[in-house]
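# Understanding the architecture of this molecule
Listed below, chain by chain, are the residues.
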Amino acid sequence: MSASLSLAILVLLGHLMATSEANFNQHFDVTWGHHRSQIKDGGQLLTLSLEKDSGAGFQFKNQYLFGRIDMQIKLVAGNSAGTVTTFYLSSQGSNHDEIDFEFLGNSSGNPYTLHTNVFSQGKGNREQFLVDNIPIRVFTNMKSQGVPFPSKQPMSIHSSLWNADEWATQGGRVKADWTNAPFVASYKNFKVEACIWKPASASSTCSPGARQTQGLDAAGRNRIRWVQSKYMIYNYCSDLKRFPQGVPYECKQSRFL
Ligand SMILES: *[C@@H]1O[C@H](CO)[C@@H](O)[C@H](O)[C@H]1NC(C)=O
């Protein structure tokens, strides 16, 4: 894939948001594979590379409660079999919340597979996953179950590039071709409109801004139906083998999982 993708995750509660554009020099920490990450263009571009011995990952310094997070990612080009490029939000602790994008590479000319996943203890109002501003998944609040929003579980933002050739591509049948290494993914135009968590006071700061409540409008609903009918290859909500006793509660609540 030569063009870059723009990903966004929204966790919205109709809150006031702060907007900031990030500089990779100031706002991120490389969490592993230090020698495999590079910051370029004065902090505007970050690359991760993967060799057989190691990939790399980074993490945004701030933690967030609610907001919209945008990142442009250029996935490994050409033969990307065996590689996985991730972008995800995660809180800490055993009852953690997590929202994931995982791009599973493929041999040249074959499509990437995008996995999305939500681990949710408390539930957000409406969590949307967007690719190039097209909604691909929505996770709806289950207020009726009495699960409050995780207002004390701030999430941090992570990204990584790693070797998963045991399982990632066509079930592990297609291995990474290490003669093509290093495999490189790059990141830019990171933007966040969110409430920043302040650990010292256990509260969050949302600077003045537009009040946002973004549900899916009719056009959005049409687009997600189109994406799901044309491109979705697996939906746990229709996996009756996996859930012989009946699909999880949220599957009955939302038409867009
Ligand atoms: C790779 O391409 C094949 C053939 O089009 C497809 O079946 C598969 O889902 C693709 N993705 C992965 C990660 O194997």
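Predicted, not measured: the structure shown is a model, and the values here were computed from it.

Let us now look at the environment of Tyr231. Relative to the assigned elements, Tyr231 resides in helix H2 (residues 218-231). Spatially, the C-alpha atom of Tyr231 lies 9.6 Å from that of Thr113, the residues being 118 residues apart in sequence.

Atom-level detail of predicted coordinates should not be read off regions where pLDDT is low. In this model, the chain carries an average pLDDT of 82, and 80% of its residues clear a pLDDT of 70 or more. Of all the helices and strands in the chain, strand S2 (residues 18-21) carries the lowest mean pLDDT, 55, while strand S5 (residues 45-50) carries the highest, 96. Of the regions scoring below 50 in pLDDT, residues 12-18 engages in 34 contacts with residues more than four places distant in sequence or in other chains.

Once that is clear, we can look at the site of the ligand. Around the ligand lies a shell formed by Leu104, Gly105, Asn106, Asn110, Pro111, Thr113, Ala168, Thr169 and Gln170. Here an oxygen atom of the ligand sits 2.7 Å away from a polar atom, N or O, in the main chain of Gln170. The fraction of the free accessible surface of the ligand (350 Å²) that becomes covered by protein chains is 67%. Residues that form the shell around the ligand fall into these classes: three nonpolar, six polar and no charged.

The rules behind each value
Residues numbered from 1 in each chain as written. Predicted model: local features only at pLDDT ≥ 70, side-chain atom pairs only at ≥ 80, totals over all residues. Heavy atoms only, no water. Helix = DSSP H or I, 4+ residues; strand = E, 2+ residues; numbered from the N terminus. pLDDT = per-residue confidence, 0-100. Contact = heavy atoms within 4.5 Å. Near = heavy atom within 4 Å. Polar contact = N/O pair within 3.5 Å; in protein donor to acceptor, adjacent residues only side chain to side chain. Areas by Shrake-Rupley, 256 points an atom, 1.4 Å probe, with all protein chains shown as cover. Nonpolar A, V, L, I, M, F, W, Y, C, P; charged D, E, K, R; others polar.

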